[in-house]
Amino acid sequence: MSSPFPPAPPCLAVRDLRADDLGPDSPTAGLVRLYAWAALSRRADNRILELFRQGLIKGTVTGGQGNEVLSASLALLADKTIDVVSFTHRDLAGHIVWSGHLCDHLNQYFANAGSPTFAREGNIHHGDPAHRSLPMISHLGSMISHVAGRTDAQLRAGHRVVGLALFGDGGSSTGDVHETLNLAALLSLPLLFVIENNRYAYSTPIAEQFPQNAELWHRAAGYGIEGLKVDFTADPAGAARTFATCLARVRAEGRPILIEAHTCRLRGHAAYDTCDYLSAIENASIQASDPLPKLRAQILAADAAQAPELDRVDTEIEAWVESCIQVSLAVPRPSPDSLPADAYAPEAAPIAWQPTVTADSAKEDNITFAQALTLAHGKILRERPESFVLGQDIGTYGGAFKITEGLLALHGRARVFNTPLAESACTGYAIGLALGGHRPIEEFQFADFCTEAMTQLVLNAGTYFFRSGAKVPMVVRLPAGGGLTFGSFHSQELESALLAFPGLKALYPSTAQDAFDCLLAAYEDDNPVLLFEHKALYRRGKHSVAWNPAFREVWGPRLVRPGAHATLVTYGEMTQLAQAAAEYLETEYEKTVEVWDLRALAPLKLDEIRASVARTHRLCVLHEGRRTHGFGAELVSRIVEEQFFDLEAAPLRVAALDLPVPFAPELEQAYRPTRDGLIEKLVNWLG
Ligand SMILES: Cc1ncc(C[n+]2csc(CCOP(=O)(O)OP(=O)(O)O)c2C)c(N)n1
Ligand SMILES: [Mg+2]
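Keep in mind it's a predicted model, so treat the numbers as computed, not measured.

Trainee: How should I be thinking about the sheet that holds strand E18 (residues 619-626) in this particular structure?
Mentor: Strand pairing within a sheet occurs via backbone hydrogen bonds; the two strands may be parallel or antiparallel. Pairing within the open sheet is mixed, and its five strands lie in the order E14-E16-E15-E18-E19. Only two strands of the sheet have a single partner each, and these edge strands are strand E14 (558-561) and strand E19 (652-656). When the angles between neighbouring strand axes are averaged without regard to direction, this sheet yields 25°. The sheet strands contacting helix H20 (residues 631-643) are strand E15 (566-570), E18 and E19, and the helix crosses E18 at an angle near 155°.

As structure tokens, this is what we get:
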């Protein structure tokens, strides 16, 4: 049992500030409060560094010394009951204000059993998503689109919210920052973008980051929003006052504002950085620009009688930090038993769908695979108010493959959002919406373009639950595959690349009915689910689609064709190839191949396939993606490592060549598995 958190001292009794509290014409009580929280953060950061050096904190520590007044003022001014934020690695002050207690954060640094990331994430990569403080990952810039989405979710829930989107001068060069500024301006989201400009990104000075005639706040004009700068190193109280004014304006006017806030970094980038790149003169000037003593001096200049009060604050804080350290140090270490077996959020409560496909059953017959997906979208939008569809050209145009045709007209722009060409920020925005109770369905125009959003998909969405316990239910639709002479950037199969990372689920239907069922199943899952849709299937044939109460069975494989001489495992368009090859083998060679369509690529359910291999004693895996590091390698390994002695021959792997997808039909045919090629391989292998 760990001890309760020590109660906060009187100087930290209030963790809010109103604009009026900050003077210059008001009493200094507000500034003293700001000083107290900033001083707490300074003291905590200094002690964290010492504890790191003593080996009691692992990893590394990126101190916020120099940034506390900036960070604390924003957090104190925010409305912690509705606002949204993602703090940076210099924002311990903001973190402490948001939660109100230092022990939460010390537990994170000590990586103990009380850590808000369950001791799974590094030092300042935490947050409190349940209270809209969104945890960071290392990849700079990639969190602010989450703030945009989460803020929009608050707005949609009727709150007069402000989202605080923070990043450094270094982070300001990332594509995500540009994409999100544009997106927020386009959507008129109430975001306060704050650049914490401490003039360095690690060891790189701003002179090497952007041209010196280009001030960062000037960029606001390019997005059609207001920009300004403040300087915490010159006038911390005045800068905090400007924050207050801007926060109030963003809240009232519902438009983003970009503030470049000059601040400083009193120590190196992280504990190991000895700042050898700084001259003595520059270092001295940085130390002299420290906003914390400046704030103290401003308070005393306004009211010299506050001196004993400020001394009392320092004493209370020193004592409190020590007692918090003692409490957090005594929290037990985390147990490896607390690691889940996988990175997924537990199963969601099933949605009570209407047992219909459409409102008009005439539309359910004689439809294409693509139309089955359109019907599933329509059903979801009709029945689920939290649903939200986004992607490029998905509005009036209906999407590159017309899957979303008609949805905008029926459901409106608020729920069918035609995104700008910004895959990363739009995916991050969808993550933010998902954190705020929505279930976005995001269409990538071609699966190939998801590489633009790789960080958002595999690092942010895929690991969110593991890192923070917060769920990210979203569907990512990926029109995949080749055979249509679209060339190498519109034809790829990316399942292996994406599923090499933990935390994403994946479905890959091969029939129109499965496509319909897969979208519903993916939709109601509490995890990010990739839905691969083979483009060649979109308009191949007409089918009827019915309401299928057993639609959740798509999370397991489907027996396509029974057989006795081999088990062939495949998915997507290749299922049809496998079926055709199996039919031919039966007619011409009297060999029967049992064909299984995996449908779910993650998590993999292989029990029935294992039983089949135990009967047929042979395993063939077939997929359209490349052979090396292909999905078949994983399938073969999983089966062989447990069923080596069931096999009478080495498994057969049929896949594409290890090349980019070539363009000309003759070349693409040589690249991809074909029916005849598959038959030949099977015949040789079956003997
Ligand atoms: C996209 C990305 N590239 C590189 C890094 C490694 N890195 C961590 S912090 C940092 C410097 C960040 O500078 P800035 O954004 O100005 O923030 P500061 O550390 O100065 O507060 C770098 C390069 C990273 N975290 N993310
Ligand atoms: Mg910086």
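Trainee: I keep staring at the pairing of strand E6 (residues 226-231) and nothing clicks. Help me out?
Mentor: In the case of a regular strand, side chains alternate between the two sheet surfaces. Here E6 runs beside strand E7 (residues 257-262); their pairing, made up of six bridges, is parallel. Each residue of the ladder has a partner; that of Glu226, found in E7, is Ile257.

Trainee: Any chance you could explain the environment of Pro509 here in plain terms?
Mentor: Locating Pro509 in the fold gives a position in the loop between strand E12 (505-507) and helix H17 (512-524). Given a relative accessible area of 0%, Pro509 falls into the buried group. Setting aside residues up to four positions removed in sequence, Pro509 forms contacts with Phe369, Asp514, Ala515, Cys518, Leu531, Phe532, Leu537 and Gly572.

Trainee: Help me understand the coordination of the magnesium ion (ligand 2), please; the structure alone is not making it clear to me.
Mentor: Around the magnesium ion (ligand 2), the donor atoms from the protein are Asp169 (OD), Asn198 (OD1) and Tyr200 (O), and they sit 2.0 to 2.1 Å away. As a motif over one chain, the donors of the magnesium ion (ligand 2) read D-x28-N-x1-Y. One end of the pair, Asp169, is in the loop between strand E2 (163-168) and helix H6 (175-187); the other, Tyr200, is in strand E4 (residues 200-201), and 31 residues separate them in sequence. Accessibility classification places Asp169 together with Tyr200 in one group, the buried group.

Trainee: Please clarify how the side chain of Ser491 should be interpreted in this entry.
Mentor: In this fold, Ser491 is placed in the loop between strand E11 (474-480) and helix H16 (495-499). Judged by relative accessible area, Ser491 falls into the buried class, the value being 2%.

Trainee: In this structure, what is going on with the pairing of E2? I would like to understand it.
Mentor: A large share of E2 lies buried, amounting to five of its six residues. Across six bridges, the pairing between E2 and strand E3 (residues 191-197) is parallel. Across the sheet, Phe167 pairs through a bridge with Ile195, a residue of E3. Taken together, E2, H6 and E3 form a β-α-β motif whose crossover is right-handed.

Trainee: Any chance you could explain empty space enclosed by the protein here in plain terms?
Mentor: To find leftover empty space, a probe the size of one water molecule is rolled over the atoms. Tallied over the full model, the rule gives four cavities of 30 Å³ or more. By volume, the largest cavity is sized at about 50 Å³. Along its surface, the largest cavity is lined by Leu390, Gly391, Gln392, Thr419, Glu423, Cys426, Glu442, Glu443, Phe444 and Gln445. Of all the secondary-structure elements, those providing two or more residues to the lining of the largest cavity are strand E8 (387-391), helix H14 (423-435) and strand E10 (439-443). When the residues that make up the lining of the largest cavity are grouped by side-chain class, the tally is three nonpolar, four polar and three charged.

Trainee: Got a minute to help me understand the packing of helix H1 (residues 29-53) against helix H10 (residues 291-302) in this structure?
Mentor: When two helices pack together, their arrangement is given by the angle between the helix axes and the distance between those axes. Axis separation between H1 and H10 bottoms out at 10 Å; the angle between their running directions is 155°. On the basis of their axis angle, the class for H1 and H10 is roughly antiparallel. Pair H1 / H10 crosses with left-handed handedness. For the pair formed by H1 and H10, the contact residues are Leu31, Val32, Leu34, Tyr35, Ala38, Ala39 and Arg42 on the first element and Leu292, Leu295, Arg296 and Ile299 on the second. Split by residue class, the contact of H1 with H10 holds nine nonpolar, no polar and two charged.

Trainee: Got a minute to help me understand helix H15 (residues 454-468) in this structure?
Mentor: One turn of the α-helix equals 3.6 residues, which is why residues spaced by three or four share an orientation. Compared with the 21 Å implied by 1.5 Å per residue over 15 residues, the 20 Å span of H15 between its first and last C-alpha is a close match. Considering bend angle alone, the principal kink of H15 is centred on Gly462 and spans about 25°. Taken together, the buried positions of H15 are Gln456, Leu457, Val458, Asn460, Ala461, Gly462, Thr463, Tyr464, Arg467 and Ser468. Buried residues along H15 sit against helix H5 (144-156), H6, H14, E11, H16 and strand E13 (528-534). Within two residues after H15, Gly469 carries a phi angle of roughly 80°, on the positive side.

Trainee: Help me understand the packing of aromatic side chains in this model?
Mentor: To describe a pair of aromatic rings, one takes the distance between the centres and the angle between the planes. According to the stated counting rule, one finds 17 aromatic pairs in the structure shown. The interplanar angle of 50° and the centroid separation of 5.2 Å between the aromatic rings of Phe232 and Phe243 together place this pair among those described as tilted. A residue pair is termed long-range when its members are at least 10 positions apart, and Phe232 in the loop between E6 and helix H8 (236-253) and Phe243 in helix H8 qualify at eleven residues. Since its relative accessible area comes to 0%, Phe232 is described here as buried. What makes Phe243 buried here is its relative accessible area of 0%. A centroid spacing of 5.2 Å and a plane angle of 70° characterise the contact between Phe401 and Phe446, whose relative ring orientation is edge-to-face. Here Phe446 lies in the loop between E10 and H15 and Phe401 lies in the loop between E8 and helix H13 (407-411), a separation of 45 residues in the sequence. Phe446 carries the same exposure label as Phe401, and that label is buried. Among the aromatic side chains, those forming a connected cluster through ring pairs are Phe369, Phe401, Phe446, Phe449, Phe486 and Tyr538. Here the basic side chain of Arg467 rests over the ring of Tyr464, its NZ or CZ set 4.7 Å away from the ring centre.

Trainee: Whenever I open this one, unusual backbone geometry confuses me. Can you help?
Mentor: Note: most residues except glycine have negative phi, and most peptide bonds are trans. For the peptide bond that leads from Ala602 to Pro603, omega is -5°, which places it in the cis range. By secondary structure assignment, the location of Pro603 is in the loop between strand E17 (600-602) and helix H19 (607-616). Even without being a glycine, Glu590 presents a positive backbone phi close to 55°. By the element assignment, Glu590 lies in the loop between helix H18 (574-589) and strand E16 (593-597). By relative accessible area, Glu590 is classed as exposed at 68%.

Trainee: Please explain the sheet that holds E2 as it appears in this structure.
Mentor: Overall, parallel pairing links the five strands, which are arranged E1-E2-E3-E7-E6 in an open sheet. If you trace the sheet from one side to the other, it starts and ends with strand E1 (84-86) and E6, each paired once. Taken pair by pair, the neighbouring strands of this sheet meet at an average axis angle of 20°, ignoring direction. Judged from the three bridges that link them, E1 and E2 form a sheet pairing that is parallel. Paired with Ser86 across the bridge in E2 is Ala165. H5 rests against E1, E2 and E3 of the sheet, and its axis sits at about 175° to E2. The strands touched by H8 within the sheet are E2, E3, E6 and E7, with E6 carrying the most contacts at an inclination of about 155°.

Criteria and cut-off values
Residues numbered from 1 in each chain as written. Chains lettered and ligands numbered in written order. Predicted model: local features only at pLDDT ≥ 70, side-chain atom pairs only at ≥ 80, totals over all residues. Heavy atoms only, no water. Pairing = 2+ DSSP bridges. Helix = DSSP H or I, 4+ residues; strand = E, 2+ residues; numbered from the N terminus. Axes fitted to C-alpha atoms, helices over the stretch in contact; angles between N-to-C directions. Contact = heavy atoms within 4.5 Å. Buried < 20%, exposed > 50% of the residue type's maximum accessible area, 1.4 Å probe, protein only. Donors = N, O, S within 2.8 Å, 3.2 Å for Na, K, Ca; no water. Right-handed = clockwise from strand over helix to strand, strands pointing away. 1 Å grid on protein atoms, 1.4 Å probe; cavity = no way out; pocket = protein on both sides within 12 Å on 5 of 7 lines; lining within 4 Å. Points joined across faces, edges and corners; volume = space filled by probe spheres on them. Nonpolar A, V, L, I, M, F, W, Y, C, P; charged D, E, K, R; others polar. Parallel < 35°, antiparallel > 145°, perpendicular 65-115°, else oblique. Left-handed = near helix turned anticlockwise from the far one by under 90°. Expected span 1.5 Å × (residues − 1). Bend = angle between axes of the 7 residues up to and from the residue. Phe/Tyr/Trp six-rings, centres within 6.5 Å; stacked < 30°, edge-to-face > 60°. Lys NZ or Arg CZ within 6 Å of the ring centre and 35° of its normal.

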